[in-house]
There are 2 protein chains.
Amino acid sequence: MDTVDGALQALRSKGLKITPQRIAILKVLQGNTSHPSAEEIYKKVTRKHPNISFTTIYNTLDVLKKTGQIRELIIDKTRKHFDPDLSPHNHLICDTCHTIFDIFEDFSDAITIPQSVSDVFHVTGHEIVFYGICKECLQKTGN
Amino acid sequence: MDTVDGALQALRSKGLKITPQRIAILKVLQGNTSHPSAEEIYKKVTRKHPNISFTTIYNTLDVLKKTGQIRELIIDKTRKHFDPDLSPHNHLICDTCHTIFDIFEDFSDAITIPQSVSDVFHVTGHEIVFYGICKECLQKTGN
DNA sequence: CTGTGTGCAAAACGTTTGCATGCCT
DNA sequence: AGGCATGCAAACGTTTTGCACACAG
């Protein structure tokens, strides 16, 4: 997604409804580069919207995913993460603190599927995940 | 891991114990290219070892992971999968049936971390996951 | 004999569901 | 008015934990 307004229009155009809860969730997501989990979104939304439920968070994330406005990341063993940045990019995840970072380098030139594979599998996309340790954790651990 | 015997020796050399349950689990894993989940391993082991518990499955998988004999795949939203093949390779996952396939093409030439990234993150490995639909599901869905 | 491994049951965890009510359009 | 959205509580599936007992070394 780009802007809250754009996202709202996308919802409206599909007959979906604009609610204060959805607006609040979209505000948290807009420009968010922290790859939040449902719980992180819940916590932030709760600050200004104390009565919101997890059901609504999950429902809205599902709607946004299905309308192609956010991406679900399968990177973390323990929970799902969401990324409002739809531009093609990849991720680094710290083995220690589990923070997810963006990497905008383009590797797509080399990622070509050989004929032998495309014969038996229709590839629609790919995701590269880098594992390692972030600077902060390196310093804490006494490199 | 390569062979059951090799894996057992690796355990022994670390003061860990060889039990019938561990042997049974290793037999299921040896040469297994189906990227089984804990439950799939449990089901297979149960055939010859009806009293084994899930605790032992998880415990053994954890031990094998920590001794570097199997790899845990973070690919599937709903459960963990394990891969005894430690050779560098990547995976395809079918969006429909969630089967995981291997792809042995080497993309590493192009996957170079730029200085700007390695300054703030120490990369130890990476994994490329391809998404799409496998041949079987394509045919069922009426392509 | 020591301590690691096992199996059971219960708990924990993130996520999903059923349902009555609420509210956007 | 109609139907989608909300919030609650309960259910779900996977994984983890506490504990007493068993057994490999």
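For the structure, see preceding data.
Residues numbered from 1 in each chain as written. Chains lettered and ligands numbered in written order. Predicted model: local features only at pLDDT ≥ 70, side-chain atom pairs only at ≥ 80, totals over all residues. Heavy atoms only, no water.

**Q** Can you walk me through the interface of chain A and chain B in this structure?
**A** How large an interface is tends to be reported as the accessible area lost when its parts come together. If you look at the interface, chain A gives 38 residues, while chain B gives 38 residues. Across the chain A/chain B interface, buried area totals approximately 3100 Å², and carbon plus sulfur atoms make up 70% of it. Together, Ile74, Phe121 and Tyr131 of chain A form the three largest contributors to the area buried by chain A at its contact with chain B, with a combined 22%. Our enumeration of links across chain A and chain B arrives at two salt bridges. The closest approach of N and O atoms between Glu72 of chain A and Lys77 of chain B, which form a salt bridge, is 3.7 Å. Those elements that provide at least two residues to the side of chain A that touches chain B are β3 (90–94), β4 (100–103), β5 (121–134) and α6 (135–140) of chain A. Here the element with the most residues in the side of chain A that touches chain B is β5 of chain A; it accounts for 14 residues. For the side of chain A that touches chain B, the class distribution of residues is 23 nonpolar, six polar and nine charged. Strand direction decides the pairing type here: β5 of chain A and strand β5 (residues 121–134) of chain B, joined by 13 bridges, are antiparallel. The partner of Phe130 of chain A across the bridge, within β5 of chain B, is His126 of chain B. (Contact = heavy atoms within 4.5 Å. Buried area = accessible area lost by both parts, 1.4 Å probe. Salt bridge = Lys/Arg side-chain N within 4 Å of Asp/Glu carboxyl O. Helix = DSSP H or I, 4+ residues; strand = E, 2+ residues; numbered from the N terminus. Nonpolar A, V, L, I, M, F, W, Y, C, P; charged D, E, K, R; others polar. Pairing = 2+ DSSP bridges.)

**Q** What is the right way to read the pairing of β5 of chain A from this model?
**A** Walk down a regular strand and you will see the side chains alternate between the two sheet faces. In this structure, β3 of chain A lies alongside β5 of chain A, joined through four bridges in parallel fashion. Considered in β5 of chain A, the bridge of His91 of chain A is made with Val129 of chain A.

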